[in-house]
Every structure is written in structure tokens, then in C-alpha cells.
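This is what each chain is made of:
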Amino acid sequence: MLWTASQVLRKFSTSSNYYQNKLKLAIIGQSFFGQEVYSNLRKQGHKVVGVFTVPDKDGKADPLAVAAEKDGTPVFKFPRWRVKGKPIPEVVEAYKAVGAELNVMPFCSQFIPMNIIDDPKHGSIIYHPSILPLHRGASAINWTLIHGDKKAGFSVFWADDGLDTGPTLLQRECAVEPNDTVDTLYNRFLFPEGIKAMVESVQLIADGKAPRIPQSEEGATYEGIQKKSNAKVNMAQPAEAIHNWIRGHDKVPGATTVIDGQTVTLYGSSMLGGSAPAGQPLEIEGATQPGLVTKNGLVLYGTDGKALLVKNLQFEDGKMISAAKYFSSGESSSVELTDDEKKIAKEIRNIWKGILSNVPAVEDTTDFFKSGAASMDVVRLVEEVKQKCAGIQLQTEDVYMATTFQDFIQMFVRRLRGEDQEEELVIDYATKEINNMTLKMPYQCFINGNFEDAENGKVYDTINPTDGSVICKVAYASVGDVDRAVAAAKEAFYEGPWGRMNPRDRGTMLFRLADLMEEHQEELATIESIDSGAVYTLALKTHVGMSIQTFRYFAGWCDKIHGKTIPINQARPNRNLTFTKREPIGVCAIIIPWNYPLMMLAWKSAACLAAGNTLVLKPAQVTPLTALKFAELSAKAGIPKGVINILPGSGGMVGQRLSDHPDIRKLGFTGSTPIGKQIMKSCALSNLKKVSLELGGKSPLIIFSDCDMDKAVRMGMSSVYFNKGENCIAAGRLFVEESIHDEYISRVVEELKKMKIGDPLDRSTDHGPQNHKAHMDKLLEYCEVGLKEGATLVYGGKQVDRPGFFMEPTVFTGVEDHMFIAKEESFGPIMVVSKFKDGDVDGVLRRANDTEYGLASGVFTRDINKAMYVSERLDAGTVFVNTYNKTDVASPFGGFKQSGFGKDLGEDALLEYLKTKAITVEY
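All values reported here derive from a predicted model rather than from experimental measurement.

*Asks:* Explain the overall build of the protein chain to me, and be specific about the residues and the numbers.
*Replies:* Per the secondary structure count, the protein chain includes 27 helices and 40 strands. Taken over C-alpha atoms, the radius of gyration comes to 32 Å for the protein chain, in line with the 29 Å a tight globule of 923 residues would show. By principal-axis analysis of the C-alpha atoms, the protein chain measures approximately 95 × 95 × 70 Å. Residue pairs in contact within the protein chain that sit at least 24 positions apart in sequence constitute 70% of those at least 6 positions apart. Counting 105 positive and 115 negative side-chain charges, the protein chain places the centres of these two groups 2 Å from one another.

Printed below as a string of C-alpha cells:
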């Protein structure tokens, strides 16, 4: 049904009071609405004995099924309940077996037979999004708005054998706002209040207090389902009727009209008070007078002379634009020149004529480059124009964006008038006095070059792990925000300057961005420290320092991306030339983890941007702040609008929509293996996105008895405790040769006792807090499992007795291969040590490789032959020999097996964000 079009997940809770009377319920339906009704009924103590929902679609279960299966509730996914009008016996039998006392149908798209409806002791209740008997049928919300009703609402009614005709149990209503759409009405009232009403209705039935009020047939209406095919606007009616039609179809199925012979969908309608602003006429099919494209949008007129304003337009190819920009790429967007400006234009025409000496006359349509101009001519044109008009801001890029004389003059005049200047970036900061500075932290979504609140207005707290305090509230992006960000990235790639920019100019911008990051490195490191718990000195050197290096490295690659020529068999008597081109993929999604918030952003984004792509990035929900500060710096560096978009929020909503979105062509993810698998599945089912995954690890570190003991202890500790153990390549398991095992452990414990645990902003701190409380709790549980399985806890294993999320550095010995802690990653400061027999090189290699992961590995030995033998046989993407954690921006990084595929860093990373095109020419 159309009224479920807005899938913005909200969490609601009804009263926590438990009533005495409870029922056994069957939930029949689907959707997020059904999921929330189900969850809240269970919270109230009712027993859900069965959930009957639709089959999985494209391998994905309905949200109601997902919630029920997670709770262990029996779930039935019947494709249909009847065949040729008769109930299917097997389905009826399965239903009756659960023994429900009441059927609850929050939203159901299937036809349910009457013997199912009437079977329970209390029958069945259904939710309907209108004030019955008005608007019976499937498109009730649409018709509420189309008819211009002043009130909207919903009904919970007793199911009967009619079409939405059963007795009502409960009704609620609300006022319809002048510019409500299907989405806003559903999200503001019908969804949240409907959930509460369904729960209340069930309790009234349980308490024996539920009324059965017969519906009156007086005033009853029934309307059909609204589809795209019958959604065309009739322009020959009053303005308010046109407005109601448009908003009654916004967002689904979308009201359409015809402009210049093309079907266009209209969104964001509002009645226009007062006179329309100045604009350019636009013929609309069937309208009594032309529309008007203004700076605020498209003005449409009704037969009564009144006007409405449409904000956005969507074309048949799916491209959506601001209605105000309808003429932005056409000749009709020209400005009228004053007499003085005409004189300047004449002088500029002479400049063009002087450069394009081979052209008889410079016409308005003369193209600078098609007339033979080269790059030096561009510089000459810019400098001559600047010489004629002192103070004008003009760059070579402006010539490439306006190649005809007419377009150049239009651009020049707007620049002269100040109309073409970029709007100043407006940022609402969260500020904090800390670390001897005033932190200024953006906290909103960054979409199309602007910071803005989430579409639904939701926010969440981001927490300082040092003491558990709230740093600030951050926007909680919705599915709608994802769609807007992807649309902005798509437009920036296909229509904006980024896609047409010279690669070297793109590199210059990325160098500028790296410089700005360096200028703000102390601020970035401080934000990183309070948001992720990273020790400040490490944040400054690694989290931020390597991020800067990464952008500089890939900035240098921008003008070095190229294909190659390939000799092929000639098609005699003709000849052939075959060559390849490396091209950007398009709109890319990047989802990063919480352990290195800025560095993981840099590792993926720098390669993505250097290749010429645009991106939508989701930082980890618990560490969004450095990504949003990066967005601010990218705008200041001059990166065009829409190229970089940052969306804080949940992985389940934002990350899932990015995986599913049909306009995203590549997704890069760093995180856990289970989530990586889900992302890969979603990317395959949606549009076969290219995917690169850097996932979990259980990296083995083998320490032989002939090692440099001092170095092995120092580096072995770093392999585990670096960044509080929140390190994807951390040595998840140490294999220490038997003859040095006890000495090695003794030396490690001795060093651990010297380690200072404390405030990460204290320059003498060695070990800061874990990233967030849930992770610390998981680490404590990990230690408990290790003890239960028989491993020896030599040191640590407990939470530090102080505010915040501090975990003691921990050492386990006697770890056997079958144990949980020998197989699973802790992602924390826990050293897991096993012995191996002296001289048993092949044996320890077998044990080291006996894992489903293959991200990194290491070996310590003075014997170079042994080192090479072991490194060749370790099945991991990175092998460290007599060192650890030594990554570099020029060296590829990525794993094998269930640690993922694809590379970050180095030239290999560029290939993840490029596609190869082969071109064959015959001559």
C-alpha cells in the first residue's frame, strides 16, 4: 500500500505499565510499522505466538520477520493464503496450530480468508490510515490530501468480509497542515500514533472494554490505488486543487506533468502567498498560463489566477534538480547586459578575436577550444581580461566551464556583479574548551556543500570515553538524507566541474586540502582523542599525521592515471590501434570504522577522489566528529559542492541504504566480517556494485628463540597494545618458541607494569580508554570466556577502577588451538600467547595459518633464511619481519580469506576506484 512509502525507521515506546490481562496474539502483516507494533506488544507482556508475513524479497526478509526471528518467535512466510478463492488447507492448519486469541493486522498486503479472520476467540483487528468511512481502499493517505481534507487520521477496526467496512474500535485524528505531504503526515502522526493505538486497542480487548461501533455508510468513500500511470496533474483547475494533487502524490507515486515534451515529476509543492518573484516563463502542457522559473522554484498558476510553488523536478531518466535551476544550463538563463557591460563585452570580444586569429568573426556561439585555442591561450585570455577589468576574480577553470563566447560573457557579467560568488559556508558549531584550545566541531550532516540537520530532525549523543560525558549532539541521518546526498554526488560527478576538471587541477585541490588538515592538525587530533579515546600523541602522529600523508600521496597520483596501448592483430588491409583508458567509477559509498576515524576516512577517500569519483561517506556512529571537521576543511579547500558528502548515523539505516542504492557504483567498507558479508550481499542484489572489504583479523605473530629479545618484546607489545588494541592488524595471537616463552612473558609483564593508563590528552599517558562502553563490556566477556576455557590469566583482565571505559592491558598464556580466544579477534588490549616446540617451524606455520582470517602476520628471527621461508608461507595480506604495524601510504594494505579483498593505500588502491575501458580504432 502506498501509505508505507516512507520507510524512516523510528523507535517508539508505549507506556511501560503492565496490565493484568494478556493475550496470545498472531501478528499478520509486514513493514517497519508492523515491526514496531509487534515489538511494543511484546514489551507490554502480550505473547506473540506467531508472525505471518510475506516471503523474503531478493534474499532480504521483511523487517517484521527480522525482529520476530531475532526474538525466537515462530515466523511463517506464506506467498498466499488462498488459491482460486479457496483457503489453502496447509496454510490454515499452520495458522491454527499457534492457537492465537486475537489476530493483529498492523499492515497487510495479502488477502486473508474469513475463516482465518474469524478463527481466534476475539477475531481480528486492522489498522487503516483514514477516518473511516472516509477513504476506504489502499491509497487512503493520498486521497486525504488530494481531496484537501482539513483532518486526517486513522482507524483501528474489527475485520469483516467487507472492504474496510468493519466496526471501528478506536479512531484518532489530526489537523492537516497546508503543505503536508504523504511522507510528513505519515511520519508526524500516522506512524507514531498508530503504533500506540494498536497497542492500546489490544489492551482494551484483553480487558474486555473494546467497543464495536458500526460504520455509517453516510459519507463513505472508496478510491482506487494511485499509480504513476494515473498521477498526471490536471492543470485546468484552481491552484489549491493542483497543489493538493501534487502533495497527495509526494513522494509516491509522484505527480507528473509535461514540459517540453518530456514527462516531469513535481515535488515540494506549497501555496504561494503574495506576488510571484521575477522569473522566466516556462510552458506547461495543459496550463492556462505559462509557469515561471524563479530563484525559489517553479511557480504554477491555477485557473483562479492563484499560484503555487514547486521546489524540485525529476526527469524521466531519474535525475532530480532544484526547479529554480531548470534553465541553468540553457541559453534562456542569460542576464540582460547594461550599456556599460555591453562596452566591456565588446572589448572582451576583441580579446577573443586577437587570440582566435584564424576565425573570421567571433560570434556568440563561437567555441574557444573548437576554434583552435590551447592551454596557453586560456592563460592569455584570463590575464588579458583581468588586465582590462581590475579586481575581477577569474581563473583558467572558468574558461573550461564556459567555452562559448556567450557563456563566457554571461559568466563574466555575473562575476562582475557578484552574483556568481559562492555562498559563504554556514556552520553551527559545538564548541568545547579543552587541551588549551577552543574546539569548533560541526555536528550536522554535510550534503551538497552545506551543513544541515537530518531530514527528520533526529540527533544522538556522541560520548567521550575518557569519562562517559556527552561531547555534543550529532545529526542522525535518515534514508531521505542518504538519497539527497547520493543525488548531490551524482550531479557533481556528471554535471559539475569535478568531472570536467583537469586531473592536475584536481591534485592541486587535494594538496590544498592536505595543507588545511596540517594547519588544523592539533584541533583534529584533539577531536579524535576525545571522540575515540586515542592517546593525543598517537592521534597527532598517526591518526592525523598519516591522514595528511595519504592525501598528499594520492594528490600526486591525479595526473599519472592512464591506460596503455596494446598491439593486436591487424584487420588487413586496414590497421588497428587499441588502447585502454582508466576512468572513474562514479558515485562511491565509503563506510568506515571507529578505531581510526580520520585515518580510515583518508585511506579510502583520498584514492577515491584522486581517481575522479564523488563520494558519500558514513563515519562510525560512535566517532563522527573528525569526519565532519574534515567536511568543513574540504569546503574551505574549494572541493566543489556534492563531491564529498558526510552522513553520521546508524549502519542499519544509512549503511544499508548506501548498500542498496541503485545510483552508487562502488562501496568501500572497513569493519567486521559479518557486516561485510551482509554489505556484499546487498550490493550484489541491488545493482552489482563493485566492492572492496577490509574485515576482521586474527593476525599471528611468530617469535623464534633466535630473535632480538629486546626488540621482540617491544614490538610484540606494540603489535597488541597499539591504539589500545583497537587495531585491525593487531597480533591476535602470539606463538612464542618454548625455550624463550617464560622469559618473554616475564619481560612483557614487567613492561606492562610501567605502562601509564589515563587521560589520553595527558602527554605522558601510554594507554587510553576503549572506544565505547559496549566494546569494553565485550572485552571483559572475552576475558571471562578465556578463563572458563582454561587459559591462564597472567596480567590484567579487568576494567580499571576509574570513570570512563578503561581496560587493563591483559596477557593470557597456555592458550590452546581449540579455545575461543585462540580463534576469535578481541579488538582490544589482550595478548593471547601459545607455545610451540623448539625448531618446529612447519608446525607453527600450520597453526598460524589455521584461521579463516588473513589480514596481517609477523615473524621475529635473526635468521634471514627462516624469515623468508616463513613470510612466503604465511597466508596473510601483510607480513612484518622483525617489525610490526609498519604501514606506509605507498604500500598496499588488505587481507586474504575472510579478512576481505581489495586494497587501501599504494597504487593498488587507485584500481579499486577506477574502471578500464578498451578502445579499438581502425584506420
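Moving on from the coordinates now.
*Asks:* I'd love a proper account of the sheet that holds strand S24 (residues 576-584), names of residues and values included.
*Replies:* Spatial strand order, S23-S24-S40: 3 strands in an open sheet with antiparallel pairing. Both outer strands of the open sheet, strand S23 (565-566) and strand S40 (914-922), are each paired with one neighbouring strand and no more. Taken together, the 2 bridges between S23 and S24 define a ladder with antiparallel strand orientation. Its bridge partner being in S24, Thr 565 is matched across the sheet by Phe 579.

*Asks:* Can you tell me about the pairing of strand S21 (residues 459-464), naming the residues and giving the values?
*Replies:* Residues Tyr 460, Thr 462 and Asn 464 line the buried face of S21, whereas the alternating positions Val 459, Asp 461 and Ile 463 sit on a face that is not buried. Pairing of S21 with strand S22 (residues 469-475) involves 6 bridges; the strand directions are antiparallel. Bridge assignment links Asp 461 to a residue of S22, and that residue is Lys 473. The turn linking S21 back onto S22 is made up of 4 residues, and Gly 468 within it adopts a positive phi angle of 80°.

*Asks:* Describe in detail the environment of Gly 797, supporting the description with residues and values.
*Replies:* With respect to the helices, strands and loops of the structure, Gly 797 is situated in the loop between strand S32 (792-795) and strand S33 (810-813). By relative accessible area, Gly 797 is classed as buried at 15%. A sequence separation of 129 residues divides Gly 797 from Gly 668, and the C-alpha atoms of the two residues are 34 Å apart. In contact with Gly 797, not counting residues within four places along its chain, are Leu 780, Cys 783, Met 807, Glu 808 and Thr 810.

*Asks:* Please give an account of the UniProt feature "active site" (unreviewed entry) in the protein chain that cites residues and values.
*Replies:* Taking the numbering used here, the UniProt-annotated feature "active site" (unreviewed entry) corresponds to His 128, Glu 694 and Cys 728. Taken together, the annotated residues stretch across 601 residues and extend over separate regions, lying up to 49.6 Å apart by C-alpha. You can call Glu 694 buried: its relative accessible area is 3%. Excluding residues that lie within four positions of it along the chain, Glu 694 makes contacts with Met 600, Phe 669, Thr 670, Gly 671, Cys 728, Leu 855, Phe 893, Ser 899 and Asp 904. Residue placement: Cys 728 occurs in the loop between helix H21 (709-721) and strand S31 (731-737). The exposure class of Cys 728 is buried, given its relative accessible area of 9%. What Cys 728 contacts, discounting residues up to four positions off in sequence, is Asn 595, Glu 694, Glu 825, Phe 827, Leu 855 and Phe 893.

*Asks:* How would you summarise the UniProt feature "site: Essential for catalytic activity" (unreviewed entry) in the protein chain if you had to cite specific residues and measurements?
*Replies:* The UniProt record marks Asp 164 with the feature "site: Essential for catalytic activity" (unreviewed entry), using the residue numbering of this structure. In this structure, Asp 164 sits in the loop between strand S8 (151-158) and strand S9 (168-175). When near neighbours in sequence (up to four residues on either side) are disregarded, Asp 164 contacts His 128, Leu 132, Arg 136, Gly 137, Phe 157 and Gln 215.

*Asks:* Go over helix H23 (residues 773-788), please, and point to the residues and values.
*Replies:* The terminal C-alpha atoms of H23 lie 23 Å apart, and with 16 residues this matches the ideal 22 Å at 1.5 Å per residue to within 8%. Listed as buried for H23 are His 775, Met 776, Leu 779, Leu 780, Tyr 782, Cys 783 and Gly 786. Projection of H23 onto a plane perpendicular to its axis shows the buried side chains occupying an angular sector of 150°, all on one side. Turned more than 90 degrees away from the buried face of H23 sit Ala 774, Glu 781 and Lys 788, all of them exposed. Packed against the buried residues of H23 are S33, helix H24 (820-823) and strand S34 (830-836). Positive phi appears at Gly 790, one or two residues downstream of H23, with a value of about 105°.

*Asks:* Account for a nonpolar patch on the surface, with residues named and values stated.
*Replies:* Where nonpolar side chains cluster on the molecular surface, the patch consists of Leu 577, Val 921 and Tyr 923 and spans about 280 Å² of accessible area. Note on placement: Leu 577 falls in strand S24. Take Leu 577: its relative accessible area is 38%, and that puts it in the partly exposed class.

*Asks:* If you had to explain the sheet that holds strand S2 (residues 47-53) to someone new, which residues and values would you point to?
*Replies:* Reading across the sheet, the 7 strands line up as S3-S2-S1-S6-S7-S8-S9 and stay open at both edges, with mixed pairing between neighbours. Since the sheet does not close on itself, it has two edges, and those belong to strand S3 (75-77) and S9, each with one partner. The mean inter-strand angle of the sheet, taken between neighbouring strand axes irrespective of direction, is 15°. Against the sheet, helix H6 (residues 182-206) engages strand S1 (24-28), strand S6 (102-105), strand S7 (124-128), S8 and S9, with an angle of about 155° to S9.

*Asks:* Run through helix H14 (residues 503-519), naming residues and quoting values.
*Replies:* Every α-helix winds through 3.6 residues per turn, so residues three or four apart in the chain are directed the same way. Taking 1.5 Å of rise per residue, the 17 residues of H14 would be expected to cover 24 Å, and the 24 Å separating its terminal C-alpha atoms lies within 8% of that figure. Listed in full, the buried residues belonging to H14 are Arg 506, Gly 507, Met 509, Leu 510, Leu 513, Ala 514, Leu 516 and Met 517. Buried positions along H14 lie against helix H13 (497-500), helix H15 (521-532), helix H16 (536-555), helix H17 (597-610) and helix H18 (625-636).

*Asks:* Explain the packing of helix H1 (residues 31-43) against helix H2 (residues 63-71) residue by residue, including any values.
*Replies:* Where H1 contacts H2, the axes come no closer than 7 Å and their chain directions differ by 30°. Considering the angle they form, H1 stands roughly parallel to H2. For the pair H1 and H2, contact is made by Ser 31, Phe 32, Gly 34, Gln 35, Tyr 38 and Arg 42 and by Pro 63, Leu 64, Ala 67, Ala 68 and Asp 71, respectively. Residues belonging to the contact of H1 with H2 are distributed by class as follows: 6 nonpolar, 3 polar and 2 charged.

*Asks:* Report on the domain arrangement of the protein chain, specifying residues and quantitative values.
*Replies:* You can read the domains of the protein chain as domain 1 (24-207), domain 2 (239-325), domain 3 (339-417), domain 4 (432-694) and domain 5 (700-894). Just the C-alpha atoms count here: the centres of domain 3 and domain 4 sit 36 Å apart.

*Asks:* Give me unusual backbone geometry: which residues, what numbers.
*Replies:* Glycine aside, residues mostly have negative phi angles, and peptide bonds mostly take the trans form. For the peptide bond that leads from Leu 132 to Pro 133, omega is 15°, which places it in the cis range. Its place among the elements puts Pro 133 in the loop between S7 and helix H5 (140-146). In this model, Asn 435 sits at a positive phi of 55°, which is unusual for a non-glycine residue. You can call Asn 435 buried: its relative accessible area is 14%.

*Asks:* I'd like to hear about the packing of aromatic side chains, residue by residue, with values.
*Replies:* Scanning all chains against the criterion turns up 29 aromatic pairs. A connected cluster of aromatic rings, assembled from ring pairs, spans Phe 33, Tyr 127, Phe 154, Tyr 186, Phe 189 and Phe 191. Positioned above the aromatic ring of Tyr 869 is the side chain of Arg 873, whose terminal nitrogen or guanidinium carbon lies 3.6 Å from the ring centre.

*Asks:* How would you summarise the side chain of Thr 542 if you had to cite specific residues and measurements?
*Replies:* Positionally, Thr 542 belongs in helix H16. Classification of Thr 542 as buried rests on a relative accessible area of 13%. For Thr 542, the residues in contact, after removing those within four places along its chain, are Ser 547, Met 599 and Phe 722.

*Asks:* Provide a residue-level description of the packing of helix H25 (residues 841-849) against helix H26 (residues 864-873), including the pertinent values.
*Replies:* For the pair H25 and H26, the least separation of the axes is 10 Å and the interaxial angle reads 30°. In this view, H25 runs roughly parallel relative to H26, as classed from their interaxial angle. Seen from above, H25 lies across H26 with right-handed handedness. Here H25 contributes Val 841, Asp 842, Leu 845 and Asn 849 to the contact with H26, which in turn contributes Tyr 869, Val 870 and Arg 873. Here the contact of H25 with H26 is built from residues that sort into 4 nonpolar, 1 polar and 2 charged.

Rules and cut-offs
- Counting restarts for each chain, with residues numbered from 1 along the sequence as it is written.
- In keeping with the model being predicted, local features are shown solely for residues with a pLDDT of at least 70 and side-chain atom pairs are shown and tallied solely at 80 or more, while totals for entire chains, interfaces and linings include all residues.
- The side-chain numbers reported here are obtained from all heavy atoms of the structure, hydrogens and water having been left aside.
- Secondary structure follows DSSP: runs of H or I at least 4 residues long count as helices, runs of E at least 2 residues long count as strands, and numbering of each begins at the N terminus.
- Note that the radius of gyration is over C-alpha atoms, with the globule rule given as 2.2 Å times the number of residues to the power 0.38.
- Contacts are assigned to residue pairs that have any heavy atoms within 4.5 Å of one another.
- The charge count treats Lys and Arg as positive and Asp and Glu as negative. His and the chain ends do not count.
- A charge is said to be at NZ when it belongs to Lys, at CZ for Arg, at CG for Asp and at CD for Glu.
- A pair of strands is labelled paired if DSSP reports no fewer than 2 bridges between them.
- When accessible area is computed with a 1.4 Å probe and restricted to protein chains, residues below 20% of their type maximum are described as buried, those above 50% as exposed, and intermediate ones as partly exposed.
- UniProt positions are given in the numbering used here, feature names are shortened, and annotations may be inferred rather than shown by experiment.
- Multiplying one less than the number of residues by 1.5 Å gives the expected span of a helix.
- What the arc measures is the spread of directions leading from the helix axis to the C-beta atoms.
- The patch calculation keeps residues exceeding 30% relative accessible area without a salt bridge and links them within 9 Å when they carry like charges or within 5 Å when they are nonpolar (Val, Leu, Ile, Met, Phe, Trp, Tyr).
- Each accessible area is a Shrake-Rupley result for a 1.4 Å probe, and residues are judged covered by the shown protein chains and nothing else.
- A pairing counts as a salt bridge when a side-chain nitrogen of Lys or Arg comes within 4 Å of a carboxyl oxygen of Asp or Glu.
- Interaxial angle, 0 to 180 degrees, is taken between N-to-C directions of lines fitted to C-alpha atoms, where a helix line uses only the stretch in contact.
- Here is the rule for angles: anything less than 35 degrees is roughly parallel, anything more than 145 is roughly antiparallel, 65 through 115 is roughly perpendicular, and the remaining ranges are oblique.
- Classes in brief: Ala, Val, Leu, Ile, Met, Phe, Trp, Tyr, Cys and Pro nonpolar; Asp, Glu, Lys and Arg charged; the others, Gly included, polar.
- Note that domain bounds follow an automatic or database assignment of domains.
- Two rings from Phe, Tyr or Trp (for Trp, the six-membered ring) form a pair when their centres sit within 6.5 Å of each other. Planes less than 30 degrees apart are called stacked, planes more than 60 degrees apart edge-to-face, and all others tilted.
- Cation placement over rings: the criterion is NZ of Lys or CZ of Arg within 6 Å of the ring centroid and within 35° of the ring normal.
- Crossing chirality is assigned from the near helix's rotation relative to the far helix, an anticlockwise turn below a right angle marking it left-handed and a clockwise turn marking it right-handed.

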